[in-house]
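# Chains, contacts and geometry: an overview
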Amino acid sequence: MLAGQPIIILRDNVERTRGFEAQRSNIMAAKAIAAAVRTTLGPRGMDKMLVSSTGDVVITNDGATILHEMSVQHPGGKLVVEVAETQDDEVGDGTTTATVLVGSLMEEAESLLAQEVHPTIVANGYQLGMEKALSILDDLAITVGFGERESLLKIADTAMTGKSIEAVKDKISNIVVDAVLQVATENDDGTYVVNEDDVKIKTQVGDSMNDAELVRGIVIDKKRVFEQMPQKVTDVKVALIAMPLEVTKTQVKSKIKITTSDQMKAFTEQERESLRRLADQIAASGANALLCQKGIADAVQYYLAKAGVYAIEDVKEEDMKFAAKALCGTIVNKPEELTAATLGHAEEVAEIPDTDLTVISGCDNPKAVTILLRGTSQLLLDELERAVYDAARVVQDAIEDGKFVVGGGSVETELQIRIRDYAATVGGRVQLAIEAFANAFEVIPRTLAENSGFDTIDKVVALRKAHADGAKYAGLNVYTGEVVDMREAGVIEPQRVKTQAIKSATETAMLLVRVDDMMITQSGRPGAQ
Ligand code: ADP
Ligand code: MG
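Residues numbered from 1 in each chain as written. Chains lettered and ligands numbered in written order. Predicted model: local features only at pLDDT ≥ 70, side-chain atom pairs only at ≥ 80, totals over all residues. Heavy atoms only, no water.

### A look at the pairing of strand E3 (residues 57–60)
Where we set the bar: When accessible area is computed with a 1.4 Å probe and restricted to protein chains, residues below 20% of their type maximum are described as buried, those above 50% as exposed, and intermediate ones as partly exposed. Helix numbers and strand numbers start at the N terminus; a helix is a DSSP run of H or I with at least 4 residues, a strand a run of E with at least 2. Two strands pair if DSSP finds at least two bridges between them.
Across the two faces of E3 the burial differs, with Val58 and Thr60 buried and Val57 and Ile59 not buried at all. Relative to E3, strand E2 (residues 48–51) is paired through four bridges, and the arrangement is antiparallel. The residue of E3 that forms the bridge with methionine 49 is isoleucine 59. In textbook terms, the turn of a hairpin is the stretch between consecutive antiparallel strands, and for E2 and E3 this stretch comprises five residues, one of which, glycine 55, has a positive phi near 95°.

### Focus: the packing of aromatic side chains
The relation between two aromatic rings is expressed through the spacing of the ring centres and the mutual angle of the planes. So the rule is basically this: Any two of the Phe, Tyr and Trp rings considered here, Trp counted by its six-membered ring, make a pair once their centres fall within 6.5 Å; the pair's planes then place it as stacked at under 30 degrees, edge-to-face at over 60, or tilted in between. Whether a charge lies above a ring is judged from NZ of Lys or CZ of Arg, which has to be within 6 Å of the ring centre and within 35 degrees of the ring normal.
Taken as a whole and judged by the stated rule, the model has four aromatic pairs. Geometrically, the ring pair formed by phenylalanine 146 and tyrosine 192 is stacked, given 3.8 Å between the ring centres and 5° between the ring planes. Of this pair, phenylalanine 146 sits in the loop between strand E4 (142–143) and helix H6 (149–160) while tyrosine 192 is found in strand E6 (residues 192–193), placing the two residues 46 residues apart along the sequence. A relative accessible area of 28% places phenylalanine 146 in the partly exposed class. Centroid distance phenylalanine 437 to phenylalanine 441: 5.5 Å. Interplanar angle 85°. Geometry classified as edge-to-face. The structure contains a cluster of three or more aromatic residues connected by ring pairs, namely Tyr126, Phe437 and Phe441. For the cation-ring pair, lysine 200 lies above phenylalanine 322, with the distance from its terminal atom to the ring centre recorded as 4.3 Å. When the ring centre of phenylalanine 454 is taken as origin, the NZ or CZ atom of lysine 459, which lies over that ring, is 5.4 Å away.

### Some thoughts on the environment of leucine 290
Put simply, the rule reads: Contact between two residues is taken to exist if any of their heavy atoms lie within 4.5 Å; hydrogens are not considered.
Within the element layout of this structure, leucine 290 appears in strand E11 (residues 289–292). A residue is classified by how much of its surface remains accessible, and leucine 290, at 0% relative accessible area, is buried. Counting along the chain gives 200 residues from leucine 290 to glycine 490, while the straight-line C-alpha distance between them is 46 Å. Aside from chain neighbours lying at most four places away, what touches leucine 290 is Ala239, Ile241, Leu245, Ile282, Ile296, Leu304, Val309, Tyr310, Ala311 and Ile312.

### Quick look at helix H1 (residues 19–38)
The test is simple: By this rule, a helix spans an expected 1.5 Å times one less than how many residues it contains.
Compared with an ideal rise of 1.5 Å per residue, which puts 20 residues at 28 Å, H1 spans 29 Å between its outermost C-alpha atoms and is within 8% of the ideal. Those residues of H1 that fall on the buried side of the exposure criterion are Ala22, Gln23, Asn26, Ile27, Ala29, Ala30, Ile33, Ala34, Ala36 and Val37.

### Some remarks on the nonpolar core
As a reminder, the rule being used: Joining through side-chain atoms within 4.5 Å is the link that ties buried Ala, Val, Leu, Ile, Met, Phe, Trp, Tyr and Cys residues into a set, and such a set is a nonpolar core.
Core analysis: the biggest nonpolar cluster contains 58 residues, and Tyr126, Ile419, Phe437 and Ile502 have the highest contact counts within it. Apart from residues lying up to four places away in sequence, isoleucine 502 is in contact with Leu101, Met130, Ala133, Leu134, Leu137, Leu415, Phe437 and Phe441. Counting 43 residues, the second-largest nonpolar core is a separate cluster that includes Val168, Ala391, Ile399 and Val406.

### Examining the environment of aspartate 298
Mapped onto the elements, aspartate 298 comes out in helix H9 (residues 298–306). Judged by its relative accessible area of 62%, aspartate 298 falls in the exposed class.

### Observations concerning the sheet that holds strand E8 (residues 213–215)
Which entries qualify depends on this criterion: The angle between two axes is taken between their N-to-C directions and runs from 0 to 180 degrees, where each axis is a line fitted to C-alpha atoms and a helix contributes only its stretch in contact.
A sheet is described by the order of its strands in space; here three strands give the open sequence E7-E16-E8, paired in mixed fashion. If you trace the sheet from one side to the other, it starts and ends with strand E7 (199–205) and E8, each paired once. Put simply, the sheet's adjacent strands are angled 25° from each other on average, direction ignored. Two strands pair when backbone bridges link them, and E7 and strand E16 (residues 369–375) are joined in this way by seven bridges, in the parallel orientation. From the neighbouring strand, lysine 202 faces E16, where its bridge partner is leucine 372. Helix H11 (residues 378–401) contacts E7 and E16 of the sheet and is inclined by roughly 165° relative to E7.

### Section: the environment of glutamate 347
With respect to the helices, strands and loops of the structure, glutamate 347 is situated in strand E14 (residues 344–351). When its relative accessible area of 56% is taken as the criterion, glutamate 347 is described as exposed. Along the backbone, glutamate 347 and valine 236 are 111 residues apart, and their C-alpha atoms lie at a distance of 5.7 Å. The residues touching glutamate 347, leaving out its near neighbours within four places in the chain, are Val233, Thr234, Asp235, Val236, Ser361 and Gly362.

### Some thoughts on the sheet that holds strand E20 (residues 492–494)
The antiparallel open sheet is built from three strands, whose spatial order is E4-E17-E20. Pairing within the sheet leaves two strands with one partner each, and these edge strands are E4 and E20. Two strands pair when backbone bridges link them, and strand E17 (residues 403–406) and E20 are joined in this way by three bridges, in the antiparallel orientation. By the bridge assignment, phenylalanine 404 is partnered in E20 with proline 494. Contacting E17 and E20, helix H16 (residues 495–513) crosses the sheet at an angle of about 65° to E20.

### Some words on a negative patch on the surface
Keep this limit in mind: Within this analysis, patches are made of residues with over 30% relative accessible area and no salt bridge. Like charges are joined at 9 Å or less; nonpolar side chains (Val, Leu, Ile, Met, Phe, Trp, Tyr) at 5 Å or less. Per-residue and other accessible areas follow the Shrake-Rupley method at a 1.4 Å probe size, with only the shown protein chains counted as cover for residues. Salt bridges are identified by distance alone: a Lys or Arg side-chain nitrogen within 4 Å of an Asp or Glu carboxyl oxygen. A residue counts as positive if it is Lys or Arg and as negative if it is Asp or Glu; His and the chain ends are not included. A charge is said to be at NZ when it belongs to Lys, at CZ for Arg, at CG for Asp and at CD for Glu.
Taken together, the side chains of Glu82, Glu85, Asp89 and Glu90 make up a negatively charged region of the molecular surface. Mapped onto the elements, glutamate 85 comes out in helix H3 (residues 75–90). A relative accessible area of 35% places glutamate 85 in the partly exposed class.

Shown next, in the form of structure tokens:
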């Protein structure tokens, strides 16, 4: 009975792309996104200036930041952006590498599909290639111990090269390594773990980038609550109080009838007395600084100032917890709970003149530290902050895993050669897919050469030759164009940066290759029915 009748399965506001068109659309999107970030790759990569609809300006070299600001709409493209985001969350660095790699894998897939290799074979070959790549990385990885400061410094350096902060790189690397080593804790089996939240990064506009410092303590965005308090206190004992310091209101509603002025006086006297007691209790505990999560009544402020206590009110809960860790103190509810043991310790608490910042520094063995960055403009500071964040994360990765690999296009060249060798042992159509997978890695050395203004073919050939001759750490010196031992040159990166980039780039490429039908519901768009 249905003969001749069209059968309607999809609503008419669904836009459908099928077969080769759908594949092409995803390949184009991946390539376009990779192309957008590839010029930033490596030490000589360029920066991007991004302007939001509200006019905010961001200048950056960071892949994840660029893609985030671009707000990609294409559904396949969004998956590629996710690769960069995952990379940023999991390892903190290598976002451009991961994105460029997906683009390259999709480009290779495009030519496989054109040769009529079935998408499942492509995906299968990519899967095999990825497993091989990860085992080659294990083989190439070099061990780094907790105390190997020189290597950790180089890892931090490599993560920061190419950001617009070259000038202060050495200083910052030292600060970053000190910070991460300070907060690392040892597991029972001798490995280390770092909680990234224990290293806080704070920025302050003014002064030069050279004035960056590691604060063994905390920086709070607040001034002291009352002008008459000392601007600076040394040998500090810090009370951390969660509840407000004011007269406690009675729970039961009661009316107090005051008829004479004497009664009024007595009442305020009494109130004043109890506020005074709060301040006395704090001073009596030995505290000469106070962080209060809630408000501090004027009278309490007055008495605290008289006792020479530096106090801040309305400190954020997050900062309170961080302070407890950084100063080795305990947060209490009320002043009467304060004891010598609950107080945090530091060398100094001071308000930085002309700013709204309080710095509590010089704690003996803090479990949380703050990196205070300074710079002449917020734009510069934002990029500095991203670079420091990357550096802290790679040092953390290296400490936790104890493994690094060699950069400058070195691992990628070695991977390409070894995976191609492996492909030859597999045979069949899937061999083509594994070879394509291997070739995708060439994009990294090629892009490093291109961004540094060298002939890409020359450099890629020279690199491959060096590796074929057994120089497994050979990479590209992006300043001179020479092929050099990158391990000696100190261009090293945590293994995790590479494993994560390879895993998520491959998995996303596999996912996209197998899509041959895209259905996009248009109802969200203006003008759709
Ligand atoms: P990503 O977002 O992927 O980290 P980067 O712009 O930081 O991108 O570039 C990382 C690449 O640059 C890596 O392949 C790394 O090995 C390489 N690289 C970093 N420093 C150097 C250097 N001094 N010489 C050559 N290559 C370097
Ligand atoms: Mg990087």
